[in-house]
Amino acid sequence: MVDAILYAVRAGCVWRALPADLPPWRTVYWYFNRWGRQRVTENLLPVVRGQVRVGEGRDREPSARIIDSQNVKGADTVGSGSRSYDAGKKIDGRKRFIVTDTTGLLLTVTVCSAGRQAPDGAKATLLGLHLATAVRFVFADAGSPDACSTGPRPSYAPGSRSFAEPQDSAGSR
């Protein structure tokens, strides 16, 4: 069942287009919906992540996180209510904020319209993460400095630091 769901997600195909060697599409879709309502994935990922970290000789819960955002151009089929225009990057679509641990294991993802400013989206993402886990350090690129390091440190991200990308001798990135 998991292989069939992963196939549909990776291929981006409709449920009815699942290959014949996988279970019937109605069965796969039923499990996908049921597991989604029961939050199976959200409950399973922290357990698996902890096992992977312990297997690597690390603590079960990471003490440092890395946050970054990326704009994604929205297809014409994406509703206008869930996307907007990012004037800085000249993209009409959505913005996703991804938080990983230092080994690259996913902690959380937040998707919003592209017009949302990076510091605002980062603050909301980090606040949601803080409610689920304790945060000691957050590393961010120069795009989200307000969320992590300027002014008084936010109570949800103690020890946060922001790092600017190095500039070459001409001063450009």
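Residues numbered from 1 in each chain as written. Predicted model: local features only at pLDDT ≥ 70, side-chain atom pairs only at ≥ 80, totals over all residues. Heavy atoms only, no water.

Okay, helix α3 (residues 40–55) next. Given a rise of 1.5 Å per residue, 16 residues ought to cover 22 Å, and the 23 Å separating the end C-alpha atoms of α3 matches this to within 8%. Among the residues of α3, R49, G50 and R53 are the ones counted as buried. Here the buried residues of α3 occupy an arc of 100° about the axis, which is enough to place them on one side. Of the residues in α3, the exposed ones pointing more than 90 degrees away from the buried face are N43, Q51 and G55. For α3, the secondary structure elements touched by its buried residues are β3 (91–101) and β4 (106–113). (Helix = DSSP H or I, 4+ residues; strand = E, 2+ residues; numbered from the N terminus. Expected span 1.5 Å × (residues − 1). Buried < 20%, exposed > 50% of the residue type's maximum accessible area, 1.4 Å probe, protein only. Arc of directions from axis to C-beta. Contact = heavy atoms within 4.5 Å.)

Another aspect to go through is the confidence of the model for the chain. Here the chain averages 78 in pLDDT, while 76% of its residues score no lower than 70. Model confidence for the chain, summarised as mean pLDDT per element, is weakest for strand β6 (residues 161–162) at 47 and strongest for helix α2 (residues 25–37) at 95. Counting contacts from residues 149–173, a segment whose pLDDT is below 50, to residues more than four positions away or on other chains yields 43 contacts. (pLDDT = per-residue confidence, 0-100.)

Let us look at the pattern of salt bridges. For the coordinates displayed, the defined rule picks out three salt bridges. R53 is paired through a salt bridge with D101; the nearest N and O atoms lie 2.8 Å apart. A residue pair is termed long-range when its members are at least 10 positions apart, and R53 in helix α3 and D101 in strand β3 qualify at 48 residues. Under the relative-accessibility criterion, D101 is labelled buried at 0%. With a closest N to O distance of 3.9 Å, R58 and E56 form a salt bridge. (Salt bridge = Lys/Arg side-chain N within 4 Å of Asp/Glu carboxyl O.)

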